[in-house]
Amino acid sequence: FFQAEDGIRDYKVTGVQTCALPIFYMDNTVPTADTLRDTDYQDLGHAFDTYHYPIDLAAFGAESDLDGNDRIVILMTDAVNNLTPDCTNGRVLGYFFGLDLITTGSQAANSNKGEVFYTFVPSGATPNCSAVSRSQALGAIKPTLIHELQHMISWNQRVIVRNGNAEETWLNEAMSHFAEELGGRLIPNSECTGFTSCRSQFTSGDIINTHDYLKDTESNYLIYPISSNGTLEERGASWNFLRWAIDQFATDTLIGSDLTKNLVTGPGGAQTFTSLTGE
């Protein structure tokens, strides 16, 4: 499903653009019952172009443009749904894969060599996962877009621009969950239909994860091992820790950009915190 031809439906957002243009592809293996509509792609593109991209750009820096097309591809596919055969402890909503930005060496053979990330789609119920309706998918995809874009920016700033290593997972995820918070604080509530507010749509998951971590701090890591992608509780913990650091050490009181951009480009993980905060 990595190729954007052969019947995959293509939706572009048109109009005056101030940033990299998002292009949405829907995998042609996705069932058409209760699937996204043309107006939904326009809505997602509007949100990404008007809010998600400028917010992440201001807070974390710019993404790469390896293929020179001034585009960010967002592939929506049931292959993402299939990554979670049992949804008891949550489900994968999307991901960015750094391999897609590797253009040389042995790994380049399996790279898309361009800016792309992936999201889940509306789907029917399975034995261990409830159905995902069109409206539920739309509600979850928007926070996923602003989250995954931070990962893409981080990879560019650390690996491509500075020829360094990818960020440690705990801090990388903390930054992406902070991107969700910024969406909740900076996007007008009128853009978050179906929710009481944009804070509810973009940030409620982070608050719940933090609450669950604080209920049993001894059972979860704050700074989780490199081998772990972070449980929901651990993601809540790392986001909350990052929020504390931004409150304490950033002089930009709106989005903390003077600290967050330096966090993206620092030596990595705990060393970054030490270098910027002295803690």
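Above this text sits the structure in question.
Before going into details, it helps to say that this report is about the structure given with it. This one's a predicted model, so the numbers in the text were calculated from it and none came from an experiment.

### Quick notes on the packing of helix α7 (residues 257–265) against helix α8 (residues 269–277)
The geometry of a pair of packed helices is captured by two quantities: the angle between their axes and the separation between those axes.
Here comes step 1: Direction vectors running N to C along α7 and α8 enclose 140°, while the axes themselves pass 9 Å from each other. Judged by the angle between their axes, α7 and α8 are oblique. In this structure, the crossing between α7 and α8 has a hand that is right-handed. From α7, Leu259, Asn262 and Leu263 reach across to α8, where they touch Thr272, Phe273 and Leu276.
Here comes step 2: When the residues that make up the contact of α7 with α8 are grouped by side-chain class, the tally is 4 nonpolar, 2 polar and no charged.

### A closer look at the pattern of salt bridges
Here comes step 1: What the rule picks out here adds up to 8 salt bridges.
Here comes step 2: Put simply, Arg134 and Asp40 hold a salt bridge, and the shortest N to O gap is 2.6 Å. Here Asp40 lies in helix α1 (residues 38–60) and Arg134 lies in helix α3 (residues 134–161), a separation of 94 residues in the sequence.
Here comes step 3: One network of salt bridges, with partners in common, ties together Glu181, Arg185, Arg243 and Asp247.

### With respect to the side chain of Ser154
Here comes step 1: Structurally, Ser154 is set in helix α3.
Here comes step 2: According to the relative accessible area criterion, Ser154 is buried, its value standing at 3%.
Here comes step 3: Residues contacting Ser154, with those up to four places away along its chain left out, are Val159, Glu167, Asn172 and Val264.

### So, the state of the cysteines
Here comes step 1: The full count for this structure, using the stated rule, is 2 disulfides.
Here comes step 2: Cys87 shares a disulfide with Cys129; S-S distance 1.9 Å. Its torsion about the S-S bond being 90°, the disulfide of Cys87 and Cys129 is classed as right-handed. Remark: Cys129 occurs in the loop between β5 (116–119) and α3 and Cys87 occurs in the loop between α2 (78–81) and β4 (94–96); sequence separation between them is 42 residues. Pair check on accessibility: Cys87 and Cys129 agree, each one buried.
Here comes step 3: With a sulfur-sulfur separation of 2.0 Å, Cys192 is cross-linked through a disulfide to Cys198. The S-S bond linking Cys192 to Cys198 shows a torsion near 100°; that makes this disulfide right-handed.

Reading the values: the criteria
- Residues numbered from 1 in each chain as written.
- Predicted model: local features only at pLDDT ≥ 70, side-chain atom pairs only at ≥ 80, totals over all residues.
- Heavy atoms only, no water.
- Axes fitted to C-alpha atoms, helices over the stretch in contact; angles between N-to-C directions.
- Helix = DSSP H or I, 4+ residues; strand = E, 2+ residues; numbered from the N terminus.
- Parallel < 35°, antiparallel > 145°, perpendicular 65-115°, else oblique.
- Left-handed = near helix turned anticlockwise from the far one by under 90°.
- Contact = heavy atoms within 4.5 Å.
- Nonpolar A, V, L, I, M, F, W, Y, C, P; charged D, E, K, R; others polar.
- Salt bridge = Lys/Arg side-chain N within 4 Å of Asp/Glu carboxyl O.
- Buried < 20%, exposed > 50% of the residue type's maximum accessible area, 1.4 Å probe, protein only.
- Disulfide = S-S within 2.5 Å.

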